[in-house]
Structures are given as C-alpha cells and as structure tokens.
Amino acid sequence: MFALTACRIFTGKGWLEQHALLISNGRIQALVPEAELDARLVQYPQAGAMLCAGFIDLQLNGCGGVMFNTDISTTTLSHMQRTNLASGTTSFLPTLITSPDTDMHTALRVTRDFMAEHAHQVLGLHLEGPYLNVARKGIHPAAQVRPLDSDMLDCLCQQADVLVKVTLAPECHAPEQIRKLVAAGINVAIGHTAANYEQAVAGFAAGIGFATHLYNAMTPTTNGRTPGVVGAIYDNPRIYAGIIADGFHVHPANIRLAHKVMGKRLCLVTDATAAAGAPASLTEFDFCGTRVLIKDGQCVDEQGTLGGSALTMIEGVRYLVNTVGLSLSEALCMASINPAQAIGHDQDLGSIDVGKVANLVILSDQLTVLNTLVNGQFIQSVD
C-alpha cells in the first residue's frame, strides 16, 4: 500500500484538500486526511498537483501515427494505449469504422485478446459503421456502407462481452434489430444518420442510448418545425452523447448549449486519428483508402471533409475550460465519470471512490499531464 499526498483531489463529485489517496492491489483503498496517515506508509507527494480519475475516450480511431483500421492488431492497441497515457487517457474504446465483415471479426478477436492481458485499459470495441446512412457517411467508404443482415446481427449479439458499442443509422434498420443488440448487452448509438425527429425517437424507443459525435453527421435543428436528430437528443433525458471539443467539429456556443441541456450525459470524445499525439513530421495518413491531410491541427480529405481529429483528451479538457467556459470540474467529469456511466463501467472507473480501480491522472495547474497511474502503477517512474 502507498499514499498519494500533497495534492488536490477531484473525486468526481467535488474537491478534497489536505487528503491522501491510499492505493493497494491496483485499487483505491481509502481517502483520509493527511494528518491521520500512518507515518510508516510509503508516500508519494505530488507538490500541490491535481489528482483525478483517468480519462476515458469512447471514440478513438487511432493515435500516435497509427490507425486501428489500417493494422487491426494487439500491437496497434498497445501503441494507442501508450500514446493515450501522455494525455491522461487510461481507458478507451478502439473504434473501427466502416469495414468488411472480415475486418470486424478480426477486430473483435484482437480486442478480446488485448483485454484478456490488459485489464481496465481497452474497455471493448466500438463499431462505427458500416450500418450507416450513406447520405451522412462523412469520410467513411461509401462502398462498404450497408444494412445489418441477420447473420451478422446474430454474430454481434454473441460478442457482447467485447463489443461495447455499435453506431448505426436507425432509419436504415428495423427497431427489432436495435432491440436485439440492446438485449444482448450492447450499447447502440445513433450516428451518421439522416433521420428526422420521429425516426430518431423510434430508435430511442427501441433502445438507442447514445449519440455519436453530437452535431456531426446527423440532421440538425433547422427551424422550429424540424428538430431533427439533434432536437430529438435534447428532448430525451435518457440519451448520452459524445462531443468533439477541438475547435473544428463544433462551435463553442453549441458545446455550451449541449452542456446546458445534457449536463452529466455529455461526454468528451476525441474521434482521434493517427494525427493525435503524433510527431510533427506526420502530415498525412490513410483513412480506409482516403488520403487525409493534417493542416493546422485539422484532419481533412482533399475535398475538405473532416476525417476524424488530431485531438487528445487533455487538449479537449483545456478547450472546454479555456474556450467553451466550462468549470474545471465540469470538464473533468466530461472526460471521466460521464463516459464511464455512458457505457456502464462506473462501478470500476471514472471517479475516485473506495474500491474503484486506481486509473488516475495527475495534472498541473496549467492542465498538463504530469503522470498517470493504471491499475495503481505509475507510468512514469517516481522516487
């Protein structure tokens, strides 16, 4: 057992001063006033830094120069995890975008293999497509966009232990298909959709509980008579949503609006690609056969279509605080406890509570990542 001391602790509900966090066997054992610490206990003072739960990214296509779609392997997942740690992300959902069935089967197997060896890091697979509306496909390959057939539906339902989320367009699928995925224990998200309000509501009634990259690749509220998918999301107090806070995908005023409406149901996501956390020498990458250029921090194809982001979670937290104007507590919740709750992992992750896994991030006052802990182990060596 050891203690983290001399730090401000954000538990997910509030701040603790002059308290120590005790860790043993990879989990949080206690939160106690520093004055009550046993002098014989090993202590690691943090020089006044901030301590909070590690960030959880629910939509990560790649980072550090690699893309999961390009190399579906445990080597890629290991590289993504190492890259994530520098930005405070201790857990994530590797996201496979629209692909052939063979690639999806490989991604399920690879994700399962990685999870078996690395607890509480990769939390499961996110399939973003191919079950989309081609009219809102974004950069996804049109030739691979297709409806969910019965054989693949049965297969996916049998993989619920590793398949955490499926993003689909509800207007292209029967409610029974959505209900079957949900009944198997899979989170179904609305995304890349041309649905109207009524179609979105029908999808929610069938069990959709999440919205993939809010505002992007979905029908907007265009006037008082057509609320669209965005209006349907706002109108339903049960739906969670991810939002990309990089200064390109969503205007800060729309992020503020979403947070006012959704509160604890709004999650920071990166939708990151190979560009996130990559060397400055990387100027382009392949996104499922499309050449994506990195220009001034933005990822676009040759027609100017956004192709994911170069965002890291800590950059998103800083943007939420410094540009959007959220409080630090609100921003940290969007990066930790909110996504944990959205996928049902809040019993182990997302906040600092006794018994939870010690996946933690240590931050400076300038919101830079000083260190992270995964399963109670420091990533960078400490004295």
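Since this is a predicted model, take the numbers as computed values, not measurements. (Residues numbered from 1 in each chain as written. Predicted model: local features only at pLDDT ≥ 70, side-chain atom pairs only at ≥ 80, totals over all residues. Heavy atoms only, no water.)

**Student:** Quick rundown of the overall build of the protein chain? Include the residues and the values.
**Tutor:** Scanning the protein chain from terminus to terminus reveals 10 helices and 20 strands. Relative to its length of 383 residues, the protein chain is compact, with a C-alpha radius of gyration of 20 Å against a globular reference of 21 Å. Considered along the principal axes of its C-alpha atoms, the protein chain spans approximately 65 × 45 × 45 Å. Per-residue burial for the protein chain yields a buried fraction of 57% across its 383 residues. For the protein chain, long-range pairs separated by at least 24 residues make up 68% of all intrachain contacts whose partners lie at least 6 apart in sequence. (Helix = DSSP H or I, 4+ residues; strand = E, 2+ residues; numbered from the N terminus. Rg over C-alpha atoms; globule rule 2.2 N^0.38 Å. Buried < 20%, exposed > 50% of the residue type's maximum accessible area, 1.4 Å probe, protein only. Contact = heavy atoms within 4.5 Å.)

**Student:** Account for helix H3 (residues 150–157), with residues named and values stated.
**Tutor:** Note on helix geometry: an α-helix contains 3.6 residues per turn, so any two residues three or four positions apart are oriented the same way. Among the residues making up H3, those that are buried are Met152, Leu153, Cys155, Leu156 and Cys157. For H3, the elements touching its buried residues are helix H2 (101–117), strand S9 (125–128), strand S10 (163–168) and helix H4 (175–183). Capping the start of H3, Asp149 holds a side-chain oxygen 3.2 Å from the backbone nitrogen of Asp151, two or three residues further along. (Polar contact = N/O pair within 3.5 Å; in protein donor to acceptor, adjacent residues only side chain to side chain.)

**Student:** Summarise the pattern of salt bridges; cite the residues concerned and give the values.
**Tutor:** Applying the stated criterion to the full structure yields 10 salt bridges. Across the salt bridge formed by Arg179 and Glu176, the nearest N and O atoms sit 3.3 Å from each other. With a gap of three residues between them, Arg179 and Glu176 both fall in helix H4, about one helical turn apart. Residue Arg179 is classed as partly exposed on the basis of its relative accessible area of 40%. Here Asp353 ties to Lys356 by a salt bridge, and the two come within 3.7 Å at their closest N and O atoms. For Asp353, a relative accessible area of 27% puts it in the partly exposed group. What emerges from the salt-bridge pattern is a single network uniting Glu284, Arg291 and Glu302. (Salt bridge = Lys/Arg side-chain N within 4 Å of Asp/Glu carboxyl O.)

**Student:** So what's going on with the side chain of Arg265? Which residues, and what values?
**Tutor:** As for its position among the elements, Arg265 is in the loop between helix H7 (252–262) and strand S14 (266–269). Asp235 provides the closest opposite charge to the buried, salt-bridge-free Arg265, at an N-O distance of 9.6 Å. Ignoring anything within four residues of it in the chain, the contact list for Arg265 reads Asn236, Pro237, Arg238, Ile239, Tyr240, Ala241 and Asn338. (Lys, Arg positive; Asp, Glu negative; His and termini not counted.)

**Student:** Account for the layout of surface pockets, with residues named and values stated.
**Tutor:** Regions of empty space are outlined by a rolling probe, equal in size to a water molecule, passed over the atoms. Within this model, the largest pocket holds a volume of roughly 230 Å³. Residue lining of the largest pocket: 19 residues in total, with Gly138, His192, His213, Asp271 and Leu306 positioned closest to the centre. When its residues are assigned to classes, the lining of the largest pocket shows six nonpolar, 10 polar and three charged. The calculated volume of the second largest pocket comes to roughly 180 Å³. Lining the second largest pocket, in full, are Thr11, Gly12, Lys13, Lys264, Cys333, Ile337, Asn338, Gln341, Ser351, Asp353 and Lys356. Of the residues forming the lining of the second largest pocket, the biggest block, three residues, is contributed by helix H10 (residues 337–342). Tallied by class, the residues present in the lining of the second largest pocket amount to two nonpolar, five polar and four charged. (1 Å grid on protein atoms, 1.4 Å probe; cavity = no way out; pocket = protein on both sides within 12 Å on 5 of 7 lines; lining within 4 Å. Points joined across faces, edges and corners; volume = space filled by probe spheres on them. Nonpolar A, V, L, I, M, F, W, Y, C, P; charged D, E, K, R; others polar.)

**Student:** Account for the packing of aromatic side chains, with residues named and values stated.
**Tutor:** If you walk through the whole model with that rule in mind, you get six aromatic pairs. Aromatic ring contacts, followed pair by pair, group Phe2, Tyr44 and Phe378 into a single cluster. Sitting above the plane of the Trp15 ring, Arg8 keeps its charged end 4.3 Å from the centroid. Positioned over the ring face of Phe210 is Lys165, at 3.3 Å from the centre of the ring. (Phe/Tyr/Trp six-rings, centres within 6.5 Å; stacked < 30°, edge-to-face > 60°. Lys NZ or Arg CZ within 6 Å of the ring centre and 35° of its normal.)

**Student:** Just give me the short version of the pairing of strand S3 (residues 27–33), but keep the residues and values in it.
**Tutor:** Successive residues of a regular strand alternate their side chains across the two faces of the sheet. Direction of pairing for strand S2 (residues 15–24) relative to S3: antiparallel, over a ladder of six bridges. Bridge assignment links Ala20 to a residue of S3, and that residue is Val32. The hairpin turn running from S2 into S3, its antiparallel successor, is two residues long, and Asn25 in that turn takes a positive phi close to 55°. (Pairing = 2+ DSSP bridges.)

**Student:** Describe unusual backbone geometry, with residues and values.
**Tutor:** Gly129 connects to Pro130 through a cis peptide bond whose omega is 10°. Of note, Pro130 is situated in the loop between S9 and H3. Phi is positive for Ala47, which is not a glycine, with a value near 55°. Relative to the helices and strands, Ala47 resides in strand S4 (residues 42–53). Not every positive phi belongs to a glycine, and His192 is a case in point at roughly 45°. Topologically, His192 is positioned in the loop between strand S11 (187–190) and helix H5 (197–206).

**Student:** Tell me about the side chain of Asn371, and name the residues and values.
**Tutor:** Counting through the fold element by element, Asn371 comes out in strand S19 (residues 369–374). Residue class for Asn371 comes out buried when judged on its relative accessible area of 6%. Separated by 3.0 Å, the side chain of Asn371 and the backbone nitrogen of Gln380 make a polar contact.

**Student:** Tell me about the pairing of S4, and name the residues and values.
**Tutor:** Sheet topology places strand S1 (residues 2–10) next to S4; seven bridges connect them, and they run parallel. Residue Arg8 lies in a different strand from S4, and its bridge partner there is Met50.

**Student:** Quick one: what's the story with the environment of Ala241, residue by residue and with numbers?
**Tutor:** Considering the arrangement of structural elements, one finds Ala241 in strand S13 (residues 240–244). Spatially, the C-alpha atom of Ala241 lies 36 Å from that of Ser381, the residues being 140 residues apart in sequence.

**Student:** How would you sum up helix H8 (residues 313–324)? Please name residues and give values.
**Tutor:** Every buried residue of H8 is accounted for by Met313, Ile314, Gly316, Val317, Tyr319, Leu320 and Val324. Positive phi appears at Gly325, one or two residues downstream of H8, with a value of about 95°.

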